[in-house]
Structure formats: C-alpha cells, structure tokens
Amino acid sequence: MIPREVVEEIVYRADIVDTIGSYVTLKRAGSNYGGLCPFHSEKTPSFTVFPATRSFYCFGCGAGGDVITFIKRVENLDYPSALEFLAERVGITIPQDRANERGELLNRKRIYEMNLEAAKFFRNCLFDPKLGQEGMQYLKSRQLSGATIKRFGLGVAPNSFGMLTDYMHSKGYSDEELIKGFLCGKSQKTGKSYDYFRGRVIFPIIDVSGNIIAFGGRVLDDTKPKYLNSSDTPGFKKSRNLFALNYAKDACSESLILCEGYMDVIALHAAGFSNAVATLGTAITSEQARIMAKYTKKVIISYDSDEAGQRAANRAMKLLEEVGLEVRVLKMNGAKDPDEYIKKFGSERFRQLLGQSKTGFEYKLENVLAKHDISIPQEKIKASEQLCDIIAGVTSSVEREVYIARVAESLSLTAEVIKNDVERRRSKEIRAQRRKESRDAMNSAKNYGDRINLDSAKNVAAASAEEAILGLLLIYEEHRTAVEKGKVDVCADDFFTAFGRRVFEEIMALQSTEKGFDFSLLDEKFNSDEIGRITRYKIGRHELRENGIDVLTSSVETLKKEKQRMSEKSGDDPFATIKRRQQNAADRKNKK
Ligand SMILES: [Zn+2]
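Residues numbered from 1 in each chain as written. Predicted model: local features only at pLDDT ≥ 70, side-chain atom pairs only at ≥ 80, totals over all residues.

Looking at the protein chain, the domain boundaries give domain 1 (4-102), domain 2 (108-235), domain 3 (245-357), domain 4 (372-443) and domain 5 (454-591). The C-alpha centroid of domain 3 is placed 32 Å from the C-alpha centroid of domain 1. (Domains from an automatic or database assignment.)

This is the structure:
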C-alpha cells in the first residue's frame, strides 16, 4: 500500500489540467477545459476537464475520473504504477517497501531495465559467429549495413527454450517478471517458463523517450507466425506506439511515411528517409493516428501494393483524416513494398514517387475508375454512385465542391447532377444520424445496455435516486458526516443496484477511517470504466444548484419508497428490509 498522504500529495501536485494537457490539446471553456477525447475517436470535443473538482469526463464514451484514472487509462498502467508514473513527473519519491519484494507488481522502470538487458542478449547472440550466423545471413540478404543493424539495435533470439531465461535469471530477474514482460511463456504442462522468442530476428521497439518497451520477432524460416510481437504489458500498449517513432520524431516536421512492416521502415531509414514509421503488427488505431498528428501535419501511406495492403490503406486513410491529418497515398508500380522498390529503383526514384503521392480523394477516385469501364452505362452509374458516396462523407463544403467538379469531369456528367446526388446522400445520412442519436439518448435514459450498472434498468426512478445520493456523498463532507452519524437514515441495504451499493459501501468505509474520504482512493477499488461512471455522478451533481441536505433526504425517501414498491410487487417480505435496517441502525450505535 502506498501511504495515503503520498497519494494525496501526488494528486495535489500533478495538476489535472497540466497533466491531461500534455496528452490532449485543451481549450478553455468557461471554468472548464475541452478537447478531443483520447479514449474514443471523435471530431467534436466531448472530453472535459473540471479543475474545480479535479476530474475529467467524456460525454461521448463515459471515460472519467481523476488524474490517476487518466494516467491508468492513457498509459495502460495499474493503480500503483500510475501513481509511480505521476510521482516521477512531479518529483515525489514513493517510500519503497512494497511491490517488488512481494513480486506482485512489475513497475515499468523495472520492465525497461529488463528489456534493455534482453536486447543486449539478443544483440550479442547476433554478433556471435555461431548463434548469430543464420540471423546475420538473413539481415545481410536484406542488404542491411552494420551501421543500420546497430542503429536499430537488431538482434537474434537463438533457437533454444532456455538461453534467454538462464541469462535473465543470472541478471536477477524472476520467472514471474519475465513472464509478465512477455520475454518468457509458461508451459501449461510443467508450469516451467521458456523463452518466448526462438529462432527469430529481433526488432526492439523503442518509445520516444528511448526506452525499450517491447520486441518484435521475425522467423528465419517458414515457421508461422511470420512475425511475433510482445503482448501488451504495463507501460506498453501496441495501439499507442509506432515503430521507429523515436527516430522519426526528429525528422517529420513536414511529413511521416507510414509503412506496414519493420523491414520497410529500416530500409527507408537506411536510404535516408528517417521519417518512416510502422504500426506494431496490427492495423492502425485511432490512438496511433492521434499520436502522429502530434508530430506532423501530413502522413504518406506507403503500404504493400497487394489487395490486402490497399484495403489497409483505405482504413488508415479514414482514421488519419479523422484526426485532421493531410493524407497522401503512395502508388508503387513494379514493386510489392517500399523495401523492394528502393532496392530495384533506388532512393532517388522513391523520393520522386513521394512527390507524386496522391491525395486521399484522388487515390479513391482512381481505384473506383480502375474497377469500372465507364463506357458501359451500367458501370458508369455504379462508379458515379460510389464516388458520390465518398464525397458525401467529406465534411468541408469547399472540398466537396472541388471533388464534385473532378468527378463530373472524369465521368463526363454535369456537376449539377453529381451535386444533387451528393446532397441527397448527405441529407439521408444526417437524418439517419439524428435517428440514431435520439435512439441512443432514449436507450441511455432507460439504462438499456448498461454494462457497469446492470440493475439500473429495472427501476429508473430508484436508480436515479441512487445517483443523486452518491453524487452528493462524493462531493460533500457534511453529507457524508450526516450519514455516518445517522442524521440521514440510509444504509447499504437501501441501495437497489449492486453497483450503487458497492460505491456507497466504499465511500462510507473510507469515511470511517481516521483521515476520511478522498476521491483518489477510489481508483484502487474500482476499474477505469467504473470510475468513469462514478465521476459522472459527481460531475452531474456538481453542475446542479440545489445540493443541500434536503435533496439528500428526499432522494433517500424516493429510493426507499421505490424499493418497497418493487419488493411488494415481487412478493418479497417487506418486513425483512425493515428488520435489516433496524439491525444496521443498532450496529451503528454500538460502534460509536
Ligand atoms: Zn471519449
């Protein structure tokens, strides 16, 4: 346990606006700050930071909490690691008598040190004449120079089940740590650990601060899978990192080149294009798009020229455009990927190719035209429909105008015809969206599909009374004291949803400790989604003007009445609740 004074000090010093502001561009809106949510993809800001209550909440996806919850979510850390992360940021030392000794946790600093040690092992294996022979042969066959191999810290994992494990043991790392860091797997049969990467060329994945956060491994033969990547660990989330961004970040003020594979990136860097990056063995995510937008204005997608690569490019285009990036797509003829292209035609030709890269729209236009023979009327209609659909999705009216003219020209139709079709599609789209929004609003009013508070749909009146009570207790010390002293008669059994009951119990348990309640202590008791919900109770309440004790009392009355009504309806014994409540009141008196 981290002492609570330390937790409070960290939360106090890690100013929520500053901390979140280093991840999200925040704009002042009255006494709060708004920005684009880092936890879901959106075009208009619904993410809000409330300095007064030291909390954040996203009205789009329901993410919310305090500065600890934010770091937990954005950095993919557990509660103690999030505190450590923040402590380091604000210059507080957490007393170290916990965690590591018990082997329960693996903080990210330890993971980075462990990964660095493993990277050294892989590199030494590569340069070992016997162990590294095959790996070195492969890298040379891909025409990588010694300097490039060193720059990217490449290595090789020998074809052995225990060499890395033994080496890491000798450096003081336990099996548990190695398994948590995805350097080892654990045998289901024997329970023993074994090397995770075997017989592979190793690509260390380095974050922008220079830490080795994970590894990617490529086979040397035809074994499947061709690429193996570390799974997400504390401090490493695939969806939030990009290969080689540590180098590209210093060379990308104009543009980033987005590739599919590690080898493409390395070939491009070696050829002088040090603004190339790649995703980590997965399709691009909106988080990665946002990260790129932090470093550059323009992204040139340089995916494989096959069908799959082009499909992936389409998806990437959409995500990148959503975060406001200017997108270009590279069309390579005569080579399957950038690596092959440069080898065949040289880096100068590739540089020219970059200059000729197509805008997202041109690229789509060409694709549609290539698929349809527009001299055939039926085909021309199909092409026109697809293109109008694409234009209808463009937000800027100026851009739409330009594209309409372009399509009209390519299809030899009048701009007016195309424009009418586009507008028809847009209004249809807008109507559908409105319908969806009102449906969503209705559903959330009825609490259908609520995964966090499952019972709330059964009685909306009772559930909203619960929310009012919890909101008041979360904010006001005087209300918590009133409940504690029995001035307001409410107990855990009065709550009708299991979630509401749990929140109430945790608040009151903290309240009864010597130092009383503090919101940041809830981060340890609830997961991030739950904290988001609890924050909504708090924010919702804070915005209202009437928050006095009479609101609390009347909400309690409503809750009790509704609960009574429900149990009568279902034929439960109403006296059981009353008896239970009397018992609780007696318990409370005895405690004092
Ligand atoms: Zn959100």
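Let's pick the thread back up.
With antiparallel pairing, the five strands of this open sheet are ordered in space as E1-E2-E3-E4-E5. The open sheet terminates on both sides in strands that have one partner only, identified here as strand E1 (27-29) and strand E5 (64-65). Sheet analysis places strand E3 (residues 47-50) next to strand E4 (residues 55-58), joined by four bridges and oriented antiparallel. Along E4, the bridge assignment pairs Thr48 with Tyr57. (Pairing = 2+ DSSP bridges. Helix = DSSP H or I, 4+ residues; strand = E, 2+ residues; numbered from the N terminus.)

Burial along strand E2 (residues 32-35) is one-sided: the residues Tyr33 and Gly35 are buried and none of Asn32 and Gly34 is. The sheet contact formed by E1 and E2 spans three bridges and is antiparallel. If you follow Arg28 over to E2, its bridge partner there is Tyr33. The turn linking E1 back onto E2 is made up of two residues, and Gly30 within it adopts a positive phi angle of 65 degrees. Here E2 pairs with E3 via three bridges, running antiparallel. For Tyr33, the partnering residue across the bridge sits in E3 and is Val49. (Buried ≥ 20, exposed ≤ 12 C-beta atoms within 10 Å, placed from the backbone.)

Taken in spatial order, the five strands line up as E13-E12-E14-E15-E16 in an open sheet, and their pairing is mixed. Looking at which strands have only one partner, the edges of the open sheet turn out to be strand E13 (276-278) and strand E16 (358-359). As defined by bridge partners, strand E14 (residues 298-302) adjoins strand E15 (residues 326-329) across four bridges and the pair is classed as parallel. Each bridged residue has a counterpart across the sheet, and for Ile300 the counterpart in E15 is Arg328.

Summary statistics for the protein chain give a mean pLDDT of 87 and a share of 92% for residues scoring 70 or more. Note that pLDDT drops below 50 for residues 99-105; the model gives that stretch nine contacts with residues more than four away or on any other chain. (pLDDT = per-residue confidence, 0-100. Contact = placed C-beta atoms within 7 Å.)

Bringing helix H6 (residues 133-141) into the picture now. Along H6, the residues that are buried comprise Gly135, Met136 and Leu139. Along the axis of H6, the buried positions cluster into a sector of 95 degrees, meaning they face one direction only. Those residues of H6 that are exposed and angled more than 90 degrees off the buried face are Gln133, Gln137, Lys140 and Ser141. The secondary structure elements touched by the buried residues of H6 are helix H5 (108-127), helix H7 (146-151), strand E6 (155-157) and strand E9 (200-206). Downstream of H6 by one or two residues, Gln143 has phi in the positive range, about 60 degrees. (Arc of directions from axis to C-beta.)

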